[in-house]
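# Commentary on secondary and tertiary structure
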Amino acid sequence: MRELLTFLTKMIPELQGQVEWRDWFMLPFVQKPEENPSFSLYFTRSWQDSVLVSLHNLLATVFQCMPQPTLTSYESDAAMVKRLQDKLATVSGKAQPQQAVEKTSPMVINPVSLNIPNGSAVPCL
């Protein structure tokens, strides 16, 4: 009830002249609001269920429109990293025999030109 009083106190200049808010200003002083005709609707099971469904629909819509958090794509990112590591291992395996034959021009890979940070074999995602 304290939160309601705080809200009404802050909003009184804007809501005081609106007829539909008149009953809400008396709510803190009503002994049994569930028996008051103005508020009894809000204590019914059907109204509570309706609010719950509306809240669920609102949150579902909000979460549907938000970008997916990075952590939820962990499995697909891990699979991509594994594929890249396997591909790098395959390419490295093929490159090593050629390097042994061609000792005059060793194969040097610049990590910066491959956009690989800190020289690691795994690209940043």
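Further up the page is the structure itself.
Now for a quick tour of the structure.

Criteria and thresholds
Residues numbered from 1 in each chain as written. Predicted model: local features only at pLDDT ≥ 70, side-chain atom pairs only at ≥ 80, totals over all residues. Heavy atoms only, no water. Helix = DSSP H or I, 4+ residues; strand = E, 2+ residues; numbered from the N terminus. Buried < 20%, exposed > 50% of the residue type's maximum accessible area, 1.4 Å probe, protein only. Contact = heavy atoms within 4.5 Å. Areas by Shrake-Rupley, 256 points an atom, 1.4 Å probe, with all protein chains shown as cover. Salt bridge = Lys/Arg side-chain N within 4 Å of Asp/Glu carboxyl O. Phe/Tyr/Trp six-rings, centres within 6.5 Å; stacked < 30°, edge-to-face > 60°. Expected span 1.5 Å × (residues − 1). Bend = angle between axes of the 7 residues up to and from the residue. Core = buried A, V, L, I, M, F, W, Y, C linked by side-chain atoms within 4.5 Å.

Tallying secondary structure elements over the chain gives four helices and zero strands in all. Buried positions account for 10% of the 125 residues belonging to the chain. Within the chain, contacts between residues separated by at least 24 positions form 23% of all contacts whose residues are at least 6 apart in sequence. Counting every atom, the chain has about 10,800 Å² of accessible surface; 61% of that belongs to carbon and sulfur.

Moving on: the pattern of salt bridges. Applying the stated criterion to the full structure yields three salt bridges. Residues D23 and R22 are paired through a salt bridge, measuring 3.8 Å at the closest nitrogen-oxygen approach. K82 is paired through a salt bridge with D86; the nearest N and O atoms lie 3.1 Å apart. Here D86 and K82 lie together in helix α4 (residues 74-101), a separation of four residues that amounts to about one turn.

On to the packing of aromatic side chains, then. Following the criterion strictly, the structure yields four aromatic pairs and no others. Residues W24 and F39 carry aromatic rings whose centres are separated by 5.2 Å and whose planes lie at 65° to one another, so their mutual orientation is edge-to-face. On the criterion of sequence distance, the pair formed by W24 in helix α2 (residues 22-26) and F39 in the loop between α2 and α3 (45-65) is long-range, its members being 15 residues apart. Taking relative accessible area as the criterion, W24 reaches 27% and is therefore assigned partly exposed. Between W24 and Y42 the ring centres are 5.2 Å apart and the planes differ by 50°, which places this aromatic pair in the tilted class. Highlighted residues: W24 in helix α2 and Y42 in the loop between α2 and α3, separated in sequence by 18 residues. Owing to a relative accessible area of 28%, Y42 belongs among the partly exposed residues under this scheme. Connected via pairs of aromatic rings, a cluster forms that spans W24, F39, Y42 and W47.

Another point: helix α1 (residues 2-15). For α1, spanning 14 residues, the distance from its first C-alpha to its last is 18 Å, which sits close to the expected 20 Å at 1.5 Å a residue. Most pronounced at T9, the bend in α1 amounts to some 40°, and the proline P13 follows within four residues. Of the positions making up α1, those classed as buried are L4, L8 and L15. Packing partners of the buried residues in α1 comprise α2.

For the rest of this paragraph, the subject is the side chain of N36. Within the secondary structure, N36 is located in the loop between α2 and α3. Once you skip the residues sitting within four places of it in the chain, N36 turns out to touch M26 and V30.

What follows covers the nonpolar core. Counting residues in each nonpolar core, the largest one holds five residues, listed as L4, L8, L27, V30 and F39. With sequence-adjacent residues up to four places away left out, F39 is seen in contact with D23, W24, M26, L27, V30 and P33.

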